[in-house]
Amino acid sequence: MTSKAERVLLIGVDGGTWDVIQPLIDKGVMPNLQRLVEGGAKGVLNSIFPPITAPAWSSIYTGTNPGKHGIYDFMRRIPGTYEVAPVDVTYRDGKSMFRLVSDAGAQAFALNAPVSFPPEEIDGAVVPGLPTPGFAIAPKSLEQAFLEAVPGYEPFPAAMAHLAGRTDALPAMATDYVTKTARSFQFLNEALPRWRLGLVHFQVTDVAEHYAWGDSATLERVHAEVDRGIGAIVDATPEGTTVIVISDHGHGSLTAYLHMNEWLRARGYLKFKRAPLSLLKTLAYRAGVTPTRVYSLIFRLGLGKRVQATVHKRRGGVRQLLRRLFVSYDDVDWPRTTAYSVGNVGQIYMNVRGREPQGAIAPGPELERETERLRGDLAALRHPETGQPIASKVVLGSEIYDGPRAAEAPDLMFVPRDYSCWAFAETQFASSHWFSKPHDARNGHHRMEGIIAVSGAGVRRADDLEASLLDVAPTVLSLLGIPQPSYFDGRIVGEAFAESPVAVAAAEGSDQIEAGSRTGYSDEDAAVVARRLDDLGYL
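Remember, predicted model here, so these are calculated numbers, not experimental data. (Residues numbered from 1 in each chain as written. Predicted model: local features only at pLDDT ≥ 70, side-chain atom pairs only at ≥ 80, totals over all residues. Heavy atoms only, no water.)

## As for the packing of helix H2 (residues 31–38) against helix H9 (residues 216–236)
As a packed pair, H2 and H9 sit with axes 7 Å apart at the nearest point and diverge in direction by 60°. With respect to H9, the element H2 is oriented oblique. Contact with H2, carried on its side by Pro31, Asn32, Leu33, Arg35 and Leu36, involves Asp227, Arg228, Ile230, Gly231, Val234 and Asp235 of H9 and no other residues of that element. In the contact of H2 with H9, the residues fall into five nonpolar, two polar and four charged. (Axes fitted to C-alpha atoms, helices over the stretch in contact; angles between N-to-C directions. Helix = DSSP H or I, 4+ residues; strand = E, 2+ residues; numbered from the N terminus. Parallel < 35°, antiparallel > 145°, perpendicular 65-115°, else oblique. Contact = heavy atoms within 4.5 Å. Nonpolar A, V, L, I, M, F, W, Y, C, P; charged D, E, K, R; others polar.)

Now the structure itself:
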């Protein structure tokens, strides 16, 4: 007899790490999570690379690596250009586990689910979380009742944005956020009596760890609030439910940024134009007139809130103004540039003829030679203060991703040695120094090691689980006895159970990777999403 579950509830504690959570459990601050842990199995849930929200949660939903689902970051490159746009669920390939449960004739729901806008229509409900332009729910017929049950609900509260100098506001924010999340769960639990799979996601832990890392009092109060929410949700969950607590990545200290595009410029891989306006902007850039300098000055002068209000009202105009005033991709001499960076972890793309609009490198031997030269230079990069290598390794995208969309992967990935120094390509050219202290008030950033805790009937007592977030979907569907496609990249975490659940194979011919519609955000929604990602420091 193998382990089966009538229902599975996933609780996402975004950025959750045992480094913070275990001491709080030991201290008695998180009694509800302690109850789950002591009655079940726990361990490390390893993220995918890069360990950031968009690709990580997409892999959790689909059971596949980014080479199959196609989400590599919060932003996607626009084909035929050097521009980027926010990702949304229409650019994700592969059915989510919620869709698979719905297709099998059962109900499912996802609450505050990251990277799930626009919400997919399933037998159940989807309420998108970050990044989303605003409240949305599928089916639309539940909207009025939901908002009446949870007045003032926001998928990502505005109070979570621009926390520089305001981390003391985090505990109160967490109290309101957690209370509304618990009420939202209670509404869905009652509205969908036949649900078999549910997800409730808490974003506030990730936000707190980004801005208050090392502030033990603030982190304790935020995690205590999330634990209160976990308790309320588990207590309201129907008896016999298997509860799985997960995080998409861990967290740790942030001490420095590596500004990848500036490093590429300094090493000669990226060139600026010689046109008069670009030369003038380049001179100002080298003199230190950069977005990070201006950002820091604004906050030192106490003008942060006023400028933020202006930015929120005129997001598109401000971005265009930044491009006119500061060095940007508009000033890059693309025919003389061999490599450039886009993304949150310094993802590097070679400027390839026939792929990029003004490619400088011929495919074949020249591309291989230039890629390996750049790879070697990155591997040799040393921390200016410690002299230690900054990268643990530099990998080709083709070495870590596989699938129909692996060709969209970055050509090179810079993997930080201890993740306290993050490569970044935000604002294209944020700093004229390739190495700098954090300029955006963040003192914490992501790690590969997240958390998993499993509790319920048939779960054995264990403290040594070692799993991947790619394993979540296969494990959940196997527990529910629901068919799963053969293209999954993960495995069943059988060691969490006295008797391992067994996978149910999908019918032959029904498990092909389903392509997204690629419709994307409207221009207005894309601007709102970009603003919210910018508020969090992801742009």
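## Focus on the pairing of strand E6 (residues 124–128)
In terms of burial, E6 is a largely internal element, five of the five residues being buried. Taking every second residue as pointing to the same face, both faces of E6 are buried, with Gly124, Val126 and Pro128 on one and Ala125 and Val127 on the other. By the bridge criterion, five bridges tie strand E5 (residues 107–113) to E6 in an arrangement that is parallel. The residue of E6 that forms the bridge with Leu111 is Val127. (Buried < 20%, exposed > 50% of the residue type's maximum accessible area, 1.4 Å probe, protein only. Pairing = 2+ DSSP bridges.)

## Side note on the packing of helix H1 (residues 18–27) against H9
Here H1 crosses H9 at 75°, and the two axes come no closer than 11 Å. Taken together, the axis directions place H1 and H9 in an arrangement best described as roughly perpendicular. Two secondary-structure elements touch here, H1 through Val20, Ile21, Leu24 and Lys27 and H9 through Leu219, Glu220 and His223. Taken together, the residues of the contact of H1 with H9 sort by class into four nonpolar, one polar and two charged.

## Side note on the confidence of the model for the protein chain
Overall, the prediction assigns the protein chain a mean pLDDT of 89, with 89% of residues at 70 or greater. Counting interchain partners and residues more than four positions distant, the pLDDT-below-50 stretch residues 310–317 has eight contacts. (pLDDT = per-residue confidence, 0-100.)

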